[in-house]
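An overview of the molecular structure
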Amino acid sequence: QLQQLYEVETLGSDAAGLPTDTNVLVLVHPQNLSESMLFSIDQYLIKGGKALIFLDPHHESDPMAAMGGANGSELTLMLDAWGVEFSTDQVVLDAAAGLEIRTQTGTTRHLGFLGLDKSLLDESDVITRDLDMINGASFGYFSRQGNTGPDWQPLLHSSESAAVTDSSAYAMVRDVSQLDGDFDQAARRTLAVRLSGSASSAFESVPEGVDNAGYQQQTQA
């Protein structure tokens, strides 16, 4: 669908950096990125680049997930620099937003498969204001570390009836009724967030062997 409107270039795992003419970066379930690629992404964003970044504590479409293991995304280096924490080993369960799914014995509610209606979307933001519903599976959640770093604008929330569970245990569940656990510490979780404004590089210096031309430590005002 993207290719109908845009010129799309898919980068392999062996890519050392982003193309110089990149307009928008779409980063899906990053894992095992080389230091040179991480540095290239870092500098692209520090210099004003735009990115859509999708992170998972359990990426069900990944072949590793089919073998019964949790498979979290890896981008901690940059998240730390931006003052953001992501639950790489915890999945959000929601007692209010869980969706009905079909099973061999009928239908049951899956607390890890969430239907987010308009009340859980930011109706003031251009990305989410015209949407009625977003369905998703195995969400992680974001939290802010302190009050420094880029501007923080949550776009998607869980309900107030959300709890978290270990992603490894979650990945092994075959009877989803087992997810009806302890919700005594239920709380609203941030499932998607927009970051904008000034930020610092995740790299204090240019990695060895990487071209240091144009290295920038912070975004320019």
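Everything here concerns the structure above.
Residues numbered from 1 in each chain as written. Predicted model: local features only at pLDDT ≥ 70, side-chain atom pairs only at ≥ 80, totals over all residues. Heavy atoms only, no water.

1. Quick look at the packing of aromatic side chains
The geometry of an aromatic ring pair is captured by two quantities: the separation of the ring centres and the angle between the planes. The full count for this structure, using the stated rule, is three aromatic pairs. With 5.3 Å between their ring centres and 90° between their planes, Phe39 and Phe203 make a pair best called edge-to-face. Residue Phe39 is found in helix H2 (residues 35-46), and its partner Phe203 is found in the segment after strand S11 (190-196); the two are separated by 164 residues along the sequence. For Phe39, a relative accessible area of 5% puts it in the buried group. (Phe/Tyr/Trp six-rings, centres within 6.5 Å; stacked < 30°, edge-to-face > 60°. Helix = DSSP H or I, 4+ residues; strand = E, 2+ residues; numbered from the N terminus. Buried < 20%, exposed > 50% of the residue type's maximum accessible area, 1.4 Å probe, protein only.)

2. Brief notes about unusual backbone geometry
Residue His29 is not a glycine yet carries a positive backbone phi of 50°. A relative accessible area of 7% means that His29 is categorised as buried. Non-glycine residue Asn32 carries a positive phi angle of around 55°. Its location among the elements puts Asn32 in the loop between strand S1 (24-28) and H2. Judged by relative accessible area, which is 64%, Asn32 ranks as exposed.

3. A word on the pattern of salt bridges
In the structure shown here, the tally under the stated rule is three salt bridges. Two residues, Asp132 and Lys118, come together in a salt bridge whose shortest N-O distance is 3.9 Å. Of the two residues, Asp132 sits in the loop between strand S6 (106-117) and strand S7 (133-137) while Lys118 sits in the loop between S6 and S7, which places them 14 residues apart along the sequence. Under the relative-accessibility criterion, Asp132 is labelled exposed at 56%. Looking at Lys118, the relative accessible area reads 27%, which means it is partly exposed. Residues joined in a network through salt bridges with shared partners are Lys118, Glu123 and Asp132. (Salt bridge = Lys/Arg side-chain N within 4 Å of Asp/Glu carboxyl O.)

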